[in-house]
Amino acid sequence: MNGLLTAMKCEVFVALRTFSSKLIVLTPALVVLFQFLLLRMTEAGQSARDNLLGNNSFEDVVANNAYGYFVDGLSTGLTMLGLLMVAQASYSFSFDRDTGAARHLLIRRVSRSSLITAKLIHLHILASLSVLLLIAVSYLMSELFWDFGAIVEDGFELIGENEIRAEIAAGLRLALIPLPAAIGFGIFISVCAQSATQAVTTALGITLAIDIFKTMLGDIAYYLYASFQPSLIDQSYLQDVSRLVRGYSDVLNAERVLELNTWVPLPTLVLFFIATLWLLKRKKM
């Protein structure tokens, strides 16, 4: 326990004095802020043209509903956060090993398992702070530019606000579940690689490769944690929620897929953690 506390103090000391930690916390929210500003300017021009031409439709009503934009902001931010966390996790231990910081901690009787555990805890704290800021910025900007409300057509309520909020909460939960596994994957690559640069490029390369080829894997893809993350080629449930809160009723997702989304990522994290410790104990520092 003393070794873990020492390693955690080191992680906190470094985090408070480095730009990368602040970048991880702030970047997803800033990207979403910029996205919303661009969308609002584009929509303002389109709305002016539609008013001049007298074009008003159900699509216009749905387009002005803030819930859709809120979900889009969450999806964009979590996609960015997933890549950032993989990069930072793969960089963390490999950089400490390159600079000798890891060896210094081991000399101070910090065990290798405590060192890795401290890094996992630190990275999860950064991810949690980033997610909280992302949710706050996405909600406030959506409320500022658009109106939250039920989906209504011709006076008939298609989807109520309670149902919309429940779907968003479920989508957000399912989108966050794979994030710890992504962090565990980054840490594993960090130990495998020979240098920090190699670790980051390898981790991001594999992550993007999985994202590209997962559509070709069929049902096998559902046993990969990355299939459930918001990503550039998005197959996450949060993407389906984006359509649901806009009034589309053709969104179907098998119960089995949602169960795999819940249960696959955690064992994956445990496997990455065990493999990391096994490999680290056999590596020379």
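Residues numbered from 1 in each chain as written. Predicted model: local features only at pLDDT ≥ 70, side-chain atom pairs only at ≥ 80, totals over all residues. Heavy atoms only, no water.

(A) Structural view of the packing of aromatic side chains. The full count for this structure, using the stated rule, is 11 aromatic pairs. Arranged with centres 6.3 Å apart and planes meeting at 85°, the rings of tyrosine 225 and phenylalanine 272 form a pair that is edge-to-face. Within this pair, whereas tyrosine 225 is found in the loop between α9 (196-213) and α10 (237-244), its partner phenylalanine 272 is found in helix α12 (residues 265-280), the two being separated by 47 residues in sequence. For the pair tyrosine 225 and phenylalanine 272, one class covers both residues: buried. (Phe/Tyr/Trp six-rings, centres within 6.5 Å; stacked < 30°, edge-to-face > 60°. Helix = DSSP H or I, 4+ residues; strand = E, 2+ residues; numbered from the N terminus. Buried < 20%, exposed > 50% of the residue type's maximum accessible area, 1.4 Å probe, protein only.)

(B) Looking closely at the environment of valine 245. Tracing the chain through its elements places valine 245 in the loop between α10 and α11 (255-263). For valine 245, a relative accessible area of 1% puts it in the buried group. Separated by 77 residues in the primary sequence, valine 245 and isoleucine 168 place their C-alpha atoms 8.2 Å from one another. Not counting residues up to four positions away in its chain, the partners in contact with valine 245 are Tyr67, Gly68, Val71, Ile151, Ile164 and Ile168. (Contact = heavy atoms within 4.5 Å.)

(C) A look at the confidence of the model for the protein. Here the protein shows a mean pLDDT of 87. Residues at 70 or above account for 91%. Per-element mean pLDDT across the protein ranges from 50 in helix α3 (residues 58-63) up to 96 in helix α8 (residues 179-192). (pLDDT = per-residue confidence, 0-100.)

(D) Geometry of the pattern of salt bridges. Applying the stated criterion to the full structure yields 5 salt bridges. With a shortest N-O distance of 2.7 Å, glutamate 11 and lysine 119 are connected by a salt bridge. In this pair, glutamate 11 is assigned in helix α1 (residues 2-15) and lysine 119 in helix α6 (residues 112-145), connecting sequence segments 108 residues apart. Under the relative-accessibility criterion, lysine 119 is labelled buried at 2%. Notably, a salt bridge pairs aspartate 96 with lysine 119, separated by 2.4 Å at the nearest N-O pair. Pair noted here: aspartate 96 is in helix α4 (residues 66-99) and lysine 119 is in helix α6, with a separation of 23 residues, a long-range link. Note on accessibility: aspartate 96 and lysine 119 belong to one class, buried. Taken together, the shared-partner salt bridges connect Glu11, Asp96 and Lys119 into one network. (Salt bridge = Lys/Arg side-chain N within 4 Å of Asp/Glu carboxyl O.)

(E) Region of interest: α9. Helix length check: α9 (18 residues) gives 26 Å between terminal C-alpha atoms against 26 Å at 1.5 Å per residue, within 8%. Elements in contact with the buried residues of α9: α4 and α8. (Expected span 1.5 Å × (residues − 1).)

(F) Broad picture of the side chain of threonine 276. Tracing the backbone through its elements, the reader meets threonine 276 in helix α12. Residue classification places threonine 276 among the buried positions, given a relative accessible area of 1%. A polar atom in the side chain of threonine 276 sits 2.6 Å from the backbone oxygen of phenylalanine 272. Setting aside its immediate chain neighbours within four residues, threonine 276 contacts Ile116, Ile187, Phe188 and Val191. (Polar contact = N/O pair within 3.5 Å; in protein donor to acceptor, adjacent residues only side chain to side chain.)

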